[in-house]
Amino acid sequence: GSSLRFQYSKDVLVTGTSFSFTSYRYSTAKYRDFSDVNDYTYNYWKYNQNRKDKFQFDINQNLGENLGNLHLTGYQERYWNKKGQSQNINASYNNIYQGISYALNYAYTKDDASDNNSKLCSLSLSIPFDVFCPTSNMNLSTSIDDKNKTRSSVGLSGYAFDDNSRYYNMQA
């Protein structure tokens, strides 16, 4: 089989906006791209969905000095062997305030065929933690899904020794 891809990308330096729109069309139900074949071992169900077409977008907006960045991505797929479509949208905002990096994220996924819909909100922080090493960070994250299930983690990462020759990362 074969596939056809159309892509349009643009960076608008004046506004700090970059975007990309990509559309794929797959010629037959048995067409597989490199990613599909590699994913086969790990996710047989996805491999058998037989994509018919896909549209995806990626929009990035720099909000200006000290105001952070907005990022929006998503896709919609249709399949040869099932009705409906799959959709995914991810939106994030990230910034740095007095050396502390933070990110707010929202993800929405919908799959008509399996009636599997999910939403996830998350917050992550990376705080300089110079007590141990000048190049270490304490990392905190928490998320909540549409079923009110929460997950949290805390970690410490950075470089060790005077020459920063060893990277470490501990999570709990």
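Please refer to the structure placed before this passage.
Residues numbered from 1 in each chain as written. Predicted model: local features only at pLDDT ≥ 70, side-chain atom pairs only at ≥ 80, totals over all residues. Heavy atoms only, no water.

1. Notes on the overall build of the chain
Which entries qualify depends on this criterion: Strands here are runs of E lasting at least two residues and helices are runs of H or I lasting at least four, both read from the DSSP assignment and numbered beginning at the N terminus. Here the globule rule reads 2.2 Å times residues to the power 0.38, and the radius of gyration is calculated from C-alpha atoms. Buried, partly exposed and exposed residues are distinguished by accessible area as a fraction of the type maximum, computed with a 1.4 Å probe on protein chains only: under 20%, between the cut-offs, and over 50%, respectively. Two residues form a contact once any of their heavy atoms are found within 4.5 Å.
When you go through the chain residue by residue, the secondary structure sums to two helices and ten strands. N-terminal to C-terminal, the α/β element order of the chain is β-β-α-α-β-β-β-β-β-β-β-β. On C-alpha atoms alone, the chain measures out to a radius of gyration of 20 Å, which is more than a quarter above the 16 Å that the 2.2 N^0.38 rule sets for 172 residues. With the principal axes as the frame, the chain shows a C-alpha extent of 60 × 40 × 35 Å. Across the 172 residues that make up the chain, the buried fraction comes to 23%. Of the contacts made within the chain by residues no fewer than 6 positions apart, 33% connect residues no fewer than 24 positions apart.

2. Some words on unusual backbone geometry
Glycine aside, negative phi is the norm for most residues, and most peptide bonds take the trans geometry. Even without being a glycine, Asn 66 presents a positive backbone phi close to 65°. As for its placement among the helices and strands, Asn 66 is situated in the loop between β3 (51–62) and β4 (69–79). With a relative accessible area of 62%, Asn 66 lands in the exposed category. Positive phi outside glycine occurs at Asn 148, with the angle close to 60°. Relative to the elements of secondary structure, Asn 148 occurs in the loop between β8 (136–145) and β9 (150–160).

3. Remarks on the pairing of strand β5 (residues 85–97)
This is how it is decided: Strands are labelled as partners when DSSP assigns at least two bridges between them.
Pairing analysis gives ten bridges linking β4 to β5, with the strands arranged antiparallel. In the strand pairing of β5, Thr 73 is matched with Asn 90. Counting the residues that bridge the hairpin from β4 to β5 gives five residues, and of these Gly 84 lies at a positive phi of roughly 85°. Where β5 lies against strand β6 (residues 100–111), twelve bridges are found, and the strand directions are antiparallel.

4. Description of the sheet that holds strand β10 (residues 166–171)
Heads up, the rule is: Axes here refer to lines fitted to C-alpha atoms; in helices the fit is confined to the stretch in contact. Angles between the N-to-C directions go from 0 to 180 degrees.
Judged by pairing direction, the sheet is antiparallel, and its ten strands sit side by side in the order β1-β2-β3-β4-β5-β6-β7-β8-β9-β10 without closing on themselves. Among the strands making up the open sheet, the edge pair consists of β1 (3–12) and β10. Between one strand axis and the next, the sheet turns through 10° on average, direction left out of account. One ladder, built from eleven bridges, connects β3 with β4; its direction is antiparallel. Note that in β4 the partner of Phe 57 across the bridge is Gly 74.

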